[in-house]
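Residues per chain are reported as follows:
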Amino acid sequence: MKKHNFYAGPSILSEYTIKNTAAAVEDFAGMGLSILEISHRSKEFVAVMDEAQALVKELLDIPAGYEVLFLGGGASMQFCMVPYNLLKKKAAYLDTGTWASKAIKEAKLFGEVAVVASSKDKNYTYIPKDYLVPEDVDYFHITTNNTIYGTELREDPSVKVPLVADMSSDIFSRPVDVSKYDVIYAGAQKNLAPAGVTLIIVRTDALGNVDRPIPTMLNYKTHVEKGSMFNTPPVLPIYSALQTLKWYKEQGGIKAMEKKDKENAAILYDEIDRNKLFKGTANVEDRSIMNVCFVMNDEYKELEADFNAFASGRGIVGIKGHRSVGGFRASLYNAMPKNSVETLVEAMKDFEKQH
Ligand SMILES: *Cc1c(COP(=O)(O)O)cnc(C)c1O
């Protein structure tokens, strides 16, 4: 029986993605070869790369002047690539969690960093709102979804400087006004593909403006000029990413994903708010629709391990919270079927009846 997969990342992928990936591991594009053993420069794989880039542009309605890259190194590599390529003197960052603070740490290696606000004072349970972004910065960096803490910024902030965003865990879950951004990056393993590839959307005019020498592999220009084929790209994850992108399109695109994601999240949050055993950890207005974090109410704290076991008896996996929050985290990425969310809610209801 297929389990109900709530892992935060690597995480659930559509059946379409997994089936087509498995088939290509056997025989790719009718070549009589596995995708694992062919050249990334074969016309068959070049077509995969081209189609994946084109579909990202189509789904996110990316305007002219931007390039789509598929690189290795994870979102964590982008923490340094962004300032390496874009930070001339000063950048602004919003500190909304562990990933944001890791990005800040790297940026400080390259110049002045203004942390305009932080929600660390309350263990990152909210998104700061009243902050001022200085106008003399090269960019303002945000983390749109805080995977660990379950908070999310579901709109593109209005500021006078270019935005840079880590969208690792919520890309393709809402329409984005890409024209506001210099760079958007996302590790694939939350909402796109298996681990090993990172999606980057970069405004080409934003490149080439820093004085420092940039190592070839860390220079966005290298990859823009070579169409993400400067060196061997992560062939299999890119193939899987293409399958997911096709599936998104077939499902009705990003708006359809957003509608479904919101419905799934509402089903679970409603139960958390209703059930006497549980409570949410994130500030209600900043709740993420991708990662739903909750804990047991104080008087039921000792039941935490029991609920984990109870849920796992019903085929529910991956709901243990991150160690810095505790409790539970149910990740509801785009591929999450409503049925799995309902199964979790049912388990919460039945567990409540026993206590
Ligand atoms: C998972 C995650 C990362 C780290 O991604 P890697 O690909 O492991 O480097 C960074 N930012 C966010 C928001 C994440 O969810």
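Residues numbered from 1 in each chain as written. Predicted model: local features only at pLDDT ≥ 70, side-chain atom pairs only at ≥ 80, totals over all residues. Heavy atoms only, no water.

Would you take a moment to explain the pairing of strand S8 (residues 163–166) for this structure?
Across a regular strand the side chains alternate sides, sitting on one face of the sheet and then on the other. Judged by which residues are buried, S8 turns out to be covered on both faces: Leu163 and Ala165 on one side and Val164 and Asp166 on the other are all buried. As paired elements, strand S5 (residues 140–143) and S8 share four bridges and run parallel to each other. Pairing of His141 across the sheet is with Val164, part of S8. Examined bridge by bridge, S8 and strand S9 (residues 181–187) share four bridges and lie parallel to one another. Following the sheet pairing, Asp166 is matched in S9 by Tyr185. (Buried < 20%, exposed > 50% of the residue type's maximum accessible area, 1.4 Å probe, protein only. Helix = DSSP H or I, 4+ residues; strand = E, 2+ residues; numbered from the N terminus. Pairing = 2+ DSSP bridges.)

Looking at this structure, I do not really get the sheet that holds strand S2 (residues 66–71). What am I missing?
Within a sheet, each strand pairs with its neighbour through backbone hydrogen bonds, oriented either parallel or antiparallel. Spatially, S2-S10-S9-S8-S5-S3-S4 is the arrangement adopted by the seven strands of the open sheet, whose pairing is mixed. Strands with a single pairing partner mark the edges of an open sheet, and in this sheet they are S2 and strand S4 (112–118). Direction aside, the axes of adjacent strands within the sheet are offset by 15° on average. Summarising the sheet, S2 and strand S10 (residues 198–203) pair through six bridges and their orientation is antiparallel. Bridge assignment links Leu71 to a residue of S10, and that residue is Thr198. The sheet contacts of helix H2 (residues 43–59) involve S2 and S10, and relative to S2 the element is tilted by about 130°. (Axes fitted to C-alpha atoms, helices over the stretch in contact; angles between N-to-C directions. Contact = heavy atoms within 4.5 Å.)

Explain the pattern of salt bridges here, please?
Pairing between side chains of opposite charge can happen when the charged atoms of each approach one another. Under the defined criterion, the tally for this structure stands at 21 salt bridges. Notably, a salt bridge pairs Asp286 with Lys129, separated by 2.9 Å at the nearest N-O pair. One end of the pair, Asp286, is in the loop between strand S11 (278–280) and strand S12 (291–296); the other, Lys129, is in the loop between S4 and S5, and 157 residues separate them in sequence. The network of salt bridges with common partners includes Glu152, Arg154, Glu258 and Lys262. (Salt bridge = Lys/Arg side-chain N within 4 Å of Asp/Glu carboxyl O.)

Which parts of the structure should I look at to understand the packing of H2 against helix H6 (residues 235–250)?
Each pair of packed helices can be summarised by the angle the axes make with each other and by the distance between the axes. The N-to-C vectors of H2 and H6 enclose an angle of 40°; their axes lie 9 Å apart at closest approach. Of the possible angle classes, the one that applies to H2 and H6 is oblique. Where H2 crosses over H6, the two elements pack in a sense that is left-handed. Of H6, the residues touching H2 (which contributes Phe45, Val48, Met49, Glu51, Ala52, Leu55, Val56, Glu58 and Leu59) are Val235, Ile238, Tyr239, Leu242, Leu245, Lys246, Tyr248 and Lys249. Its residues assigned to classes, the contact of H2 with H6 shows 13 nonpolar, no polar and four charged. (Parallel < 35°, antiparallel > 145°, perpendicular 65-115°, else oblique. Left-handed = near helix turned anticlockwise from the far one by under 90°. Nonpolar A, V, L, I, M, F, W, Y, C, P; charged D, E, K, R; others polar.)

Quick question: what am I supposed to make of unusual backbone geometry here?
Most peptide bonds are trans, and most residues other than glycine sit at a negative phi. In this structure, Pro10 follows Gly9 across a cis peptide bond, with omega equal to -10°. Relative to the assigned elements, Pro10 resides in the loop between strand S1 (4–5) and helix H1 (15–26). Positive phi values are uncommon outside glycine, yet Ala29 reaches one of about 50°. Looking at the element boundaries, Ala29 is found in the loop between H1 and H2. Although it is not a glycine, Phe172 adopts a positive phi angle of roughly 70°. Among the secondary structure elements, Phe172 is positioned in the loop between S8 and S9. With a relative accessible area of 0%, Phe172 lands in the buried category.

I'm lost on the environment of Leu71 in this one. Help?
Note that Leu71 resides in strand S2. Note on Leu71: relative accessible area 7%, which makes it buried. Excluding its chain neighbours within four sequence positions, the residues that come into contact with Leu71 are Met81, Gly196, Val197, Thr198, Ile200, His223, Ser228 and Pro234.

What exactly am I supposed to notice about the environment of Pro128 here?
Tracing the sequence through the fold places Pro128 in the loop between S4 and S5. Assessed through its relative accessible area of 7%, Pro128 is described here as buried. Sequence separation between Pro128 and Leu153 is 25 residues; the distance between their C-alpha atoms is 9.8 Å. Excluding anything up to four places from it in sequence, Pro128 contacts Leu94, Thr96, Ala117, Ser118 and Ser119.

Before we go on, may I ask you to explain the sheet that holds S12 in this structure?
Here three strands make up an open sheet; going across it, the order is S11-S12-S14 and the pairing antiparallel. For this open sheet the edge positions go to S11 and strand S14 (328–331), each flanked by a neighbour on one side alone. Ignoring which end each strand starts from, the neighbouring axes of this sheet average 35° apart. As defined by bridge partners, S11 adjoins S12 across three bridges and the pair is classed as antiparallel. For Phe278, the partnering residue across the bridge sits in S12 and is Met296. This element, helix H7 (residues 253–274), spans S11, S12 and S14 of the sheet and lies at about 15° to S12. Set on the sheet, helix H8 (residues 304–312) makes contact with S11, S12 and S14; between it and S14 the angle comes to about 30°.

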